[in-house]
Every structure is written in structure tokens, then in C-alpha cells.
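Residue strings, one per chain:
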Amino acid sequence: MGVSDKNGRVYDKKQAKFRQINRFLELISDIEDKLPENGTLRICDLCCGKSYLSFAVYHYFSVIKKRSVKMTGVDLKEDVIGYCSETADKLGFDGLEFIWGDIGLYETDEPVNLVLSLHACDTATDRVLEKAVSFRADVIMSTPCCHHELNRILKCPELSFISEYSMLRQKLCDAATDALRLKYLEANGYDTAAIELIDPDQTPKNILLRGVRRRTKDSPESQKAAGEYKIAYEFLTGKSLDN
Ligand SMILES: C[S@@+](CC[C@H](N)C(=O)[O-])C[C@H]1O[C@@H](n2cnc3c(N)ncnc32)[C@H](O)[C@@H]1O
């Protein structure tokens, strides 16, 4: 994958990615008891890009844990998807497929156990979460990338003492965006956590959003979270969610 040389030495420029993937695997091992014990594990890596994470996770479950795995990586980049498909073939990773396309259009009839995403750009992380929720995935683990949307639409006089400073405005929007995402997952029946991925000195894109499905969307807890989401969104943007 271009991460290490033939002796297994990780290239200098790939050290950060290598650490991110290993940490992601550690965090996956923490939630293994939330996945079905038997049968084929169904996993999606949405916005998989060059798919370092997909290959590592597939290896972890199928080779190390000896599980049957069906895993799908989806990305908009045709050439990268071609490369990943060829690599999976060469490795004999029969249960690992790659699909070229927009994640918003990707569908599967099979129940999905785990949805992963590493650094899906800007609002692509929101599309990942929406898709994972629509699949009713057992577990969702997503590390967002840069955020811009809320910065564009923030309209909250009460927070202007922070947002008048452009650097603080971005930090405020980053935190609020991720908090809204977690609330969205809660409103859809998930228990949530925000977890540090790796040392923040290495990348500012360092938060992993985790959701573990526990309830239905109609449960009182989910409905309460949906109300809190609406209040928070409207407070931040000055826009009504009812329209
Ligand atoms: C920063 S890269 C991260 C790739 C990979 N997950 C990694 O960590 O190396 C973001 C990827 O998201 C993909 N992407 C963005 N929006 C997408 C969409 N709507 N559908 C599918 N892929 C998308 C881009 O093509 C790009 O490969």
C-alpha cells in the first residue's frame, strides 16, 4: 500500500497514517463485543480513499481473528478504487470489495455491523453518518476531517465573544459540528462517545466519533436527543429546522 518497504519499515511520510490506523484498530478491538459473535461480519469503509484502513481492518478480522468478513470500501476516485480492487485480488482478500461512486448512492440489502470512516472531507462525514444510520449499523466509527459548513452559517449573537476571533471561531465550529453529529446519532438510537485518535500534535483531525446502537429512533431517549439537536442547531444558526 506504500506504507512500508519490503522489510516492513514504515516510510517517514507515512508514520502518522500508520499510527492513525493502528489506533483505529485498537479502538475497534474495544467494541468487538458489540458485534455479532458468529456469522459473517459486514463492514463498510465509506470514503475509503486509498483504503489503508479497509485493508488493515479486513486483515485484523479475517486473518488474525479468523472471522468471515464481507467488507466494502466506497469512494469517488475511480483510479484509487481500481488500485484497491487489484490489491485485494493480489492478496486473496475475497471478502473485500471496492465500489466506485458517491456514498450517498451506495446501498446494500445485508444488515451492516460496522461502518468506518477516516477523514471523510467536510460534509462527507455527515453523509457517512446518515448512510450508517440508514443501514442501522450496529457500530459507527468516524474520524471527521476539516469542517467548513457551520463556519459559513454560524449566526449566534450569544457566542459572538468567541466567534469574533477567526481562529477561535473555527475551533468553536469544529467542536459544535462534532457535538451536533453525536447528538444526531443519539437521536437515532446510538450511545455515543468522542475519543482522541492519536496525539493532537500529529494531526488536528484527531477526534473519533463513535456510536453504538442501543435503542430505536422512537424511544424516549432518542426523542429527547432529537429535541436537543433541534435546539442546538437553531441556537447556532438562527435557522429553524422545521422549514
Ligand atoms: C482525505 S481522503 C481520506 C481517505 C481515506 N479514508 C484515508 O484516510 O486515507 C477523503 C476521501 O473521501 C472521498 N469522498 C469525499 N466525498 C465523497 C462522497 N460523497 N462519496 C464517496 N467518496 C467521497 C474522497 O474521494 C477522498 O478519497
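Residues numbered from 1 in each chain as written. Predicted model: local features only at pLDDT ≥ 70, side-chain atom pairs only at ≥ 80, totals over all residues. Heavy atoms only, no water.

(A) Representation of the overall build of the chain within the structure. Tallying secondary structure elements over the chain gives eight helices and seven strands in all. Carbon and sulfur atoms make up 52% of the accessible area of the chain, which amounts to about 12,800 Å² in all. The distance from the centre of the 34 positive side-chain charges to the centre of the 38 negative ones in the chain is 2 Å. (Helix = DSSP H or I, 4+ residues; strand = E, 2+ residues; numbered from the N terminus. Areas by Shrake-Rupley, 256 points an atom, 1.4 Å probe, with all protein chains shown as cover. Lys, Arg positive; Asp, Glu negative; His and termini not counted. Charge placed at Lys NZ, Arg CZ, Asp CG, Glu CD.)

(B) Here's a closer look at the sheet that holds strand β5 (residues 139-144). An order of β3-β2-β1-β4-β5-β7-β6 is seen for the seven strands of this open sheet, with the pairing classed as mixed. The open sheet has two edge strands with one neighbour each: β3 (96-100) and β6 (190-196). Taken pair by pair, the neighbouring strands of this sheet meet at an average axis angle of 15°, ignoring direction. Note that strand β4 (residues 114-120) and β5 share six bridges and pair parallel. From the neighbouring strand, Leu116 faces β5, where its bridge partner is Met141. Contacts from helix α2 (residues 52-64) reach β1 (41-46), β2 (69-75), β3 and β4 within the one sheet, and its direction differs from that of β2 by about 175°. (Pairing = 2+ DSSP bridges. Axes fitted to C-alpha atoms, helices over the stretch in contact; angles between N-to-C directions. Contact = heavy atoms within 4.5 Å.)

(C) Here's a closer look at the packing of aromatic side chains. Taken as a whole, this structure holds six aromatic pairs when the rule is applied. The interplanar angle of 40° and the centroid separation of 4.7 Å between the aromatic rings of Tyr58 and Phe93 together place this pair among those described as tilted. Here Tyr58, found in helix α2, pairs with Phe93, found in the loop between α3 (78-91) and β3; they are 35 residues apart in sequence, far enough to count as distant. For the pair shown, Tyr58 and Phe93 are each scored as buried. (Phe/Tyr/Trp six-rings, centres within 6.5 Å; stacked < 30°, edge-to-face > 60°. Buried < 20%, exposed > 50% of the residue type's maximum accessible area, 1.4 Å probe, protein only.)

(D) Here's a closer look at unusual backbone geometry. Even without glycine at this site, Ser51 takes up a positive phi of about 70°. Mapped onto the elements, Ser51 comes out in the loop between β1 and α2. Taking relative accessible area as the criterion, Ser51 reaches 1% and is therefore assigned buried.

(E) Region of interest: the pairing of β1. The buried count for β1 comes to six of six residues, which makes it a mostly enclosed element. The alternating pattern of β1 places Leu41, Ile43 and Asp45 on one face and Arg42, Cys44 and Leu46 on the opposite face, and all of these are buried. In terms of strand pairing, β1 meets β2 through six bridges, oriented parallel. Its bridge partner being in β2, Leu41 is matched across the sheet by Val69. Following the backbone out of β1, through α2 and into the adjacent parallel β2, one traces a crossover that is right-handed. When β1 meets β4, the two strands line up parallel, connected through three bridges. Paired with Asp45 across the two strands is Leu116, which belongs to β4. (Right-handed = clockwise from strand over helix to strand, strands pointing away.)

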